[in-house]
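Summary of the model geometry
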Amino acid sequence: MAITISSFGICPKGHDVPIYTLKNASGMEVSVIPYGCRILKLMVPDRNGNLGDVILGHATPAEYSGSNFHGSFVGRYANRIGGAKFVLNGKTYELEKNNNGNNLHSGTDFYQHRMWNVKETTENSITFSLHSPDGDQGFPGTFDVDVTYTLTDDNELRIDYNGVSDADTVVNMTNHSYFNLNGHASGSIEQHELWMDADGFTPTDVELIPTGEIASVEGTPMDFRVKKAIGRDIDADFEALKFGGGYD
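Before going into details, it helps to say that this report is about the structure given with it. (Residues numbered from 1 in each chain as written. Predicted model: local features only at pLDDT ≥ 70, side-chain atom pairs only at ≥ 80, totals over all residues. Heavy atoms only, no water.)

**Focus: unusual backbone geometry**
- The linkage connecting Gly-75 with the following residue, Arg-76, adopts the cis geometry, with an omega of 5°.
- Residue placement: Arg-76 occurs in the loop between strand S6 (73-74) and strand S7 (80-81).
- At Cys-37, a residue that is not glycine, the phi angle is positive and equals roughly 50°.
- For Ser-106, which is not a glycine, the phi torsion comes out positive at approximately 80°. (Helix = DSSP H or I, 4+ residues; strand = E, 2+ residues; numbered from the N terminus.)

Right, dumping it as structure tokens:
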């Protein structure tokens, strides 16, 4: 297993964006870029050994300048913060209101539009790092984050997150890839079958802010404890599906 490096082009901020591609003994490949600490491609063999790219994405760096977060790291805080503010240690922190008066994915100065540093590479992994100063995006504490992508010979892509802050802060990190297991150009995933060992889900208000309740999935379209097609109940007359425009 080894890492190869190629060029993706120039990002909107003028930096050359290299592509780092990891390939294992089965032929599976993952390509990642430091612009947004992003998964660019994930080439996975099917049951017949044919490779297909199961990650949705774009062909040029410029197309990643929008806000769809394809393949990117999201932080310092992924998802929504109601009212775009929070209280920590008795102090209120005001954040950018970029989603119906709420804060979504930490505001529009997104980590996905920043060039990350390559901290370390091995024969089957690469680690990107980002330094986020105190007050960045409105959050307290200087925050240093590492994200490691590892490709195993068992055809696993592993993502490890490590963040250290020099003060109390709030953190919620994730990767924002969109997957289509039939390949990125194959249309809807509504026929994909999903099994999820979850007895509850988190209801939200109309602005998708969690209410704090944990509701049972029993008897609802949110129940995936027995495998079913994602699209089977997606148009049901159910509040969570209406608020989320489907499963969110």
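Anyway, onward from the coordinates.
**Looking at the packing of aromatic side chains**
- Tallied over the full model, the rule gives 12 aromatic pairs.
- Ring centres of Phe-73 and Tyr-161 lie 6.0 Å apart, and the angle between their planes is 45°; this geometry places the pair in the tilted category. Within this pair, whereas Phe-73 is found in strand S6, its partner Tyr-161 is found in strand S14 (residues 157-165), the two being separated by 88 residues in sequence.
- Phe-73 sits in the buried class, given a relative accessible area of 1%.
- Between Phe-224 and Tyr-247 the ring centres are 5.2 Å apart and the planes differ by 70°, which places this aromatic pair in the edge-to-face class. With Phe-224 in the loop between strand S18 (215-216) and strand S19 (228-229) and Tyr-247 in the segment after helix H1 (239-244), this residue pair connects regions lying 23 residues apart in the sequence.
- Every member of this aromatic cluster is reached through a ring pair, and the members are Phe-73, Tyr-111, Trp-116 and Tyr-161.
- Taking NZ or CZ as reference, Arg-38 lies 5.5 Å from the ring centre of Tyr-35, over its face.
- The residue whose ring lies beneath Lys-228 is Phe-224, and the NZ or CZ to ring-centre distance is 4.5 Å. (Phe/Tyr/Trp six-rings, centres within 6.5 Å; stacked < 30°, edge-to-face > 60°. Buried < 20%, exposed > 50% of the residue type's maximum accessible area, 1.4 Å probe, protein only. Lys NZ or Arg CZ within 6 Å of the ring centre and 35° of its normal.)

**Things to note about the pairing of strand S3 (residues 29-33)**
- Burial within S3 is extensive, with 4 of its 5 residues counted as buried.
- Note: strand S2 (residues 16-23) against S3, 4 bridges, orientation antiparallel. Across the sheet, Leu-22 pairs through a bridge with Val-30, a residue of S3.
- Between S2 and the antiparallel strand that follows it, S3, lie 5 residues; Gly-27 among them carries a positive phi value of about 95°.
- Relative to strand S4 (residues 38-45), S3 runs antiparallel, the two sharing 5 bridges. In the sheet register, Val-30 faces S4, and the bridge partner there is Leu-42.
- Connecting S3 to the next strand, S4, in antiparallel fashion are 4 residues, including Gly-36 with a positive phi near 85°. (Pairing = 2+ DSSP bridges.)

**So, the sheet that holds strand S5 (residues 51-53)**
- Sheet architecture is open: 5 strands sit in the order S1-S2-S3-S4-S5, paired in antiparallel fashion. Edge positions in the sheet fall to strand S1 (2-10) and S5, since each has one partner strand and no second. If you compare each strand with its neighbour and ignore which way they point, the axes differ by 20° on average. (Axes fitted to C-alpha atoms, helices over the stretch in contact; angles between N-to-C directions.)

**Here we look at the environment of Gly-163**
- By secondary structure assignment, the location of Gly-163 is in strand S14.
- Judged by its relative accessible area of 35%, Gly-163 is partly exposed.
- On a C-alpha basis, the gap between Gly-163 and Met-173 in space is 9.0 Å, while along the polypeptide they are 10 residues apart.
- For Gly-163, the contacting residues outside a window of four places in its chain are Phe-143, Asp-144, Val-145 and Met-173. (Contact = heavy atoms within 4.5 Å.)

**Digging into the sheet that holds strand S13 (residues 143-151)**
- Strand order in the open sheet formed by 4 strands is S11-S12-S13-S14, with antiparallel pairing between adjacent strands. The strands lining the two open edges of the sheet, one partner per strand, are strand S11 (117-121) and S14. Direction aside, the axes of adjacent strands within the sheet are offset by 20° on average.
- With 8 bridges connecting them, strand S12 (residues 125-132) and S13 associate as antiparallel partners. Residue pairing for S13: Ser-132 is matched across the bridge by Phe-143.

**Considering the nonpolar core**
- Counting residues in hydrophobic clusters, the biggest one holds 21 residues, and the most contacted among them are Val-32, Trp-116, Phe-128 and Tyr-149.
- Those elements that provide at least two residues to this core are S2, S3, S4, S12 and S13.
- Sorting elements by how many residues they give to this core places S13 first, with 5 residues.
- If you look at the next biggest cluster of nonpolar residues, it comprises 8 residues, including Phe-8, Val-17, Tyr-35 and Leu-40. (Core = buried A, V, L, I, M, F, W, Y, C linked by side-chain atoms within 4.5 Å.)

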